[in-house]
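One letter stands for each residue in the lines below.
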Amino acid sequence: MKVKDVMNPNVVFCKPEDTVREAAKVLKVNNISGAPVLEGRKLVGIVSEADLLKLLVIPEKGDLWLPSPFEVIEVPIRELLSWEDTKKMLSDVGSTKVEEMMTKNVHTISSEASVEEASELMVRHRINRLPVMENNHVVGIVTRGDIIEGLAKL
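Every chain begins its residue count from 1, and numbering advances along the sequence as written. At least 70 in pLDDT is required for a residue's local features to be given in this predicted model, at least 80 for side-chain atom pairs to be given and counted, and no such filter applies to totals for whole chains, interfaces and linings, which use all residues. Note: side-chain values were computed over all heavy atoms of the structure, leaving out hydrogens and water.

- The name given to the protein chain in an unreviewed UniProt entry is CBS domain protein, and the organism recorded there is Methanosarcina lacustris Z-7289.

### Overview of a nonpolar patch on the surface
- Judged by side-chain polarity, Met1, Leu151 and Leu154 come together as a nonpolar surface patch covering roughly 310 Å² of accessible area.
- Tracing the backbone shows Leu154 in the segment after helix H8 (144-152).
- Throughout this description, buried means an accessible area under 20% of the type-specific maximum (1.4 Å probe, protein chains only), exposed means over 50%, and partly exposed covers the range between. A relative accessible area of 73% places Leu154 in the exposed class. Every patch collects residues that have over 30% relative accessible area and no salt bridge, joining them within 9 Å if they carry like charges and within 5 Å if they are nonpolar side chains (Val, Leu, Ile, Met, Phe, Trp, Tyr). With residues, only the protein chains shown are counted as cover, and all accessible areas are computed by Shrake-Rupley using a 1.4 Å probe. Within this document, salt bridges are pairs made up of a side-chain nitrogen of Lys or Arg and a carboxyl oxygen of Asp or Glu, the two lying within 4 Å of each other. Helix and strand assignments follow DSSP, with helices taken as H or I runs no shorter than four residues and strands as E runs no shorter than two, numbered in order from the N terminus.

### Remarks on the environment of Leu27
- Looking at the secondary structure, you find Leu27 in helix H2 (residues 20-29).
- Through-space distance from the C-alpha of Leu27 to that of Ser48 is 8.3 Å; in sequence the pair is 21 residues apart.
- Among all residues touching Leu27, those that are not within four sequence positions of it are Ile32, Ser33, Gly34, Ala35, Ser48, Glu49 and Leu52. A contact between two residues is defined here by any heavy atoms of the two lying within 4.5 Å.

### A short note on helix H7 (residues 115-125)
- Within the sequence span of H7, burial applies to Val115, Ala118, Leu121 and Met122. Along the axis of H7, the buried residues cluster in a sector spanning 125 degrees; they form a single face. Turned more than 90 degrees from where H7 packs its buried face, Glu116, Val123 and Arg124 sit exposed.
- Looking at the buried residues of H7, the elements they touch are helix H1 (3-6), strand E5 (109-110), strand E6 (129-134), strand E7 (137-143) and H8.
- A positive phi of about 55 degrees marks Arg126, the residue just after H7. Read the arc as the range of directions from the helix axis to the C-beta atoms.

Here is the structure:
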């Protein structure tokens, strides 16, 4: 079975100048977890939910912080300034350009490659999707789910 047999030819994509807010909306509206970033017809990166979540890491702490309602209530007054900085950082995240936070080193695959090759690439590089390329242009995208769905039809 080849990649072209299981790929989705209707590629939802983002542009480098899109904001994180716009990219998140594209992912949500299309119910996808990642999308290639195209400049014209040229692939320049890929943006995923993981890339978006990395923006929520608090640099001083090195951890993702999403407070529970109890933590918000119990925040001591001396921490209030830190909380205000965190709120400001989170509001600023939405205006970040996709090109500033996208993954630039994108693994791709040919539409003529085997599904086994695609699976091996995804597992080796711990990625969930591969843009499908022909003549240096994106012609589709293949995800782990596409491969599993294709195998289930055998």
